[in-house]
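Coordinate inspection notes
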Amino acid sequence: MKIVIVGGGFAGVNLAQELAGDKRIEVTLVDKNNYNFFPPLIYQVATAFLEPSSISYPFRKLFRHAGNIGFRMGEVLSVNISEKKVILHNGELDYDRLVFATGAETNYFGMENVRKNAIPMKTLNDAIEMRNQLLQRMEKATICKNSRERRKYLNIVVAGGGPTGVEVSGMFAEMKNGILRKEYPELSTSASHIYLVDGGDALLSPMSKDSQQDTLDALTKMGVVVKLNTRVTDFTDDTVHLSTGETIHSKNLIWAAGVSAKVFEGIPVESYGPGRRMLVDEYNKILNVTDIYAIGDTCLQTTDTDWPKGHPQVAQVAIQQGKNLAKNFKNELKNKPSKAFKYNDKGSMAIIGKNKAVVDLPKPKMHFKGFIAWLMWLFIHLMSLIGYRNRIVTAYNWMIAYFSRDQSLRMIIRPDKRSKT
């Protein structure tokens, strides 16, 4: 069986790992990058607390001992269903089974000015670009004589009250209260604010009421201005416009407010649902096509009785769907029946700052906050990284940052954009 997996995130990598070593199956993993990265820690790269290499791992190294898995760096342009071919920008691949594990991309909800001017928080490239932009703007603020103009460089608006928005807001608050005062004495008396804006009536909407309230209280105490039931409507001339009619003067709009899946030529329009997610059956097979599957954030599965509106777009769903699909492919080769996917919710968590986090466990139903939740968050995320080196380096950086309340990775590195490959 020849399987092509498009996308090397949580879903795609777990599917490939489960199929590794099975000589009956030939796997080709396709991704536009040559590495897997760990999205939950993107914000720590963006705020210069971790290096990109700490949360990423090359695909070829990951699968070098798996004789049945190959890697192809490329972007999918279209699918030829009748000929069972996937067309890439640099060639094409034949398949017996095609699996989309392409995740989701940033959704700007049609706001072109926001798309052009905001800083997204979705990929490793986004994180590096954000780090460079914010550090450069800090340097510009130090030589800006006009206090009103200086405030634009220092004010930060974070759109989106999910885990990413909460975590990056907490990180900025700690940096403002610590690193900023130590390393930028020119700015110690400058007024600046961190705003967290969300269209809902609570932060971390999928989590428990206790977690939502604990998070709001913690961020408020840290100095973050939280604006609920408020959406960003435009971003022009260094001004963030809000649905309430308010405006915030800032050059820094961090966009963590929404995602949508990707659309691929060749997949019928009727196979897509809300959020452009591919509609799949209980075995993750895409509706209205044959031998094509979708797993993770890019799919919408409504057959799970506990999740009739579809599963949340979180890592655990992607991981479990990848593993379940691998078992079904193996069962198919053994002429055994496929197993319908059933999501096992293991809980949710978010970090707010040093010694501050919230954790919800569904079975048994329990809520943790503060230091114990913070330790749980650190352990789970550390163990989820690929490779012992990444775990050791990340643990070391976290330990140094914890005791020194500082980090030494704030370098502005700008690749020469004139260079061509």
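For clarity, every value in this text was computed on a predicted model and none was experimentally measured.

What about the environment of Leu29?
- Counting through the fold element by element, Leu29 comes out in strand 2 (residues 26–31).
- Among all residues touching Leu29, those that are not within four sequence positions of it are Ile5, Gly7, Gly8, Phe59, Phe63, Gly70, Phe71 and Arg72.

Some details on the nonpolar core
- The biggest cluster of nonpolar side chains holds 52 residues, and the ones touching the most others in it are Ile55, Met130 and Phe172.
- A total of 6 residues in this core trace back to one element, the largest contributor, which is helix 7 (residues 163–177).
- Those residues in contact with Met130, other than ones at most four positions away along the chain, are Ala46, Ile119, Met121, Val168, Phe172 and Ile254.
- Counting residues in each nonpolar core, the second largest holds 23 residues, with Ile3, Ala11, Val27 and Phe329 among its members.

So, the packing of helix 1 (residues 10–19) against helix 10 (residues 315–333)
- Viewed as axis vectors pointing N to C, helix 1 and helix 10 meet at an angle of 35°, and their least axial separation amounts to 7 Å. Remark: the crossing between helix 1 and helix 10 carries right-handed chirality. In this structure, helix 1 contributes Phe10, Ala11, Asn14, Leu15, Glu18 and Leu19 to the contact, and helix 10 contributes Ala315, Ala318, Ile319, Gly322, Lys323, Leu325, Ala326, Phe329 and Lys330.

Examining the packing of helix 5 (residues 124–142) against helix 6 (residues 147–154)
- Their axes nearest at 9 Å, the elements helix 5 and helix 6 cross at an angle of 165°. Judged on the interaxial angle alone, helix 6 and helix 5 are roughly antiparallel. Pair helix 5 / helix 6 crosses with left-handed handedness. Residues Arg137, Met138, Lys140 and Ala141 of helix 5 pack against Arg150, Tyr153 and Leu154 of helix 6.
- Split into classes, the residues belonging to the contact of helix 5 with helix 6 amount to 4 nonpolar, no polar and 3 charged.

Comments concerning the environment of Pro52
- Examined against the element boundaries, Pro52 turns out to sit in the loop between helix 2 (42–46) and strand 4 (56–58).
- Spatially, the C-alpha atom of Pro52 lies 7.8 Å from that of Ile128, the residues being 76 residues apart in sequence.
- Once residues within four sequence positions are removed from consideration, Pro52 is found in contact with Val45, Leu124, Ile128 and Arg131.

Here is what the cut-offs are and how they apply
- Residues numbered from 1 in each chain as written.
- Predicted model: local features only at pLDDT ≥ 70, side-chain atom pairs only at ≥ 80, totals over all residues.
- Heavy atoms only, no water.
- Helix = DSSP H or I, 4+ residues; strand = E, 2+ residues; numbered from the N terminus.
- Contact = heavy atoms within 4.5 Å.
- Core = buried A, V, L, I, M, F, W, Y, C linked by side-chain atoms within 4.5 Å.
- Buried < 20%, exposed > 50% of the residue type's maximum accessible area, 1.4 Å probe, protein only.
- Axes fitted to C-alpha atoms, helices over the stretch in contact; angles between N-to-C directions.
- Left-handed = near helix turned anticlockwise from the far one by under 90°.
- Parallel < 35°, antiparallel > 145°, perpendicular 65-115°, else oblique.
- Nonpolar A, V, L, I, M, F, W, Y, C, P; charged D, E, K, R; others polar.

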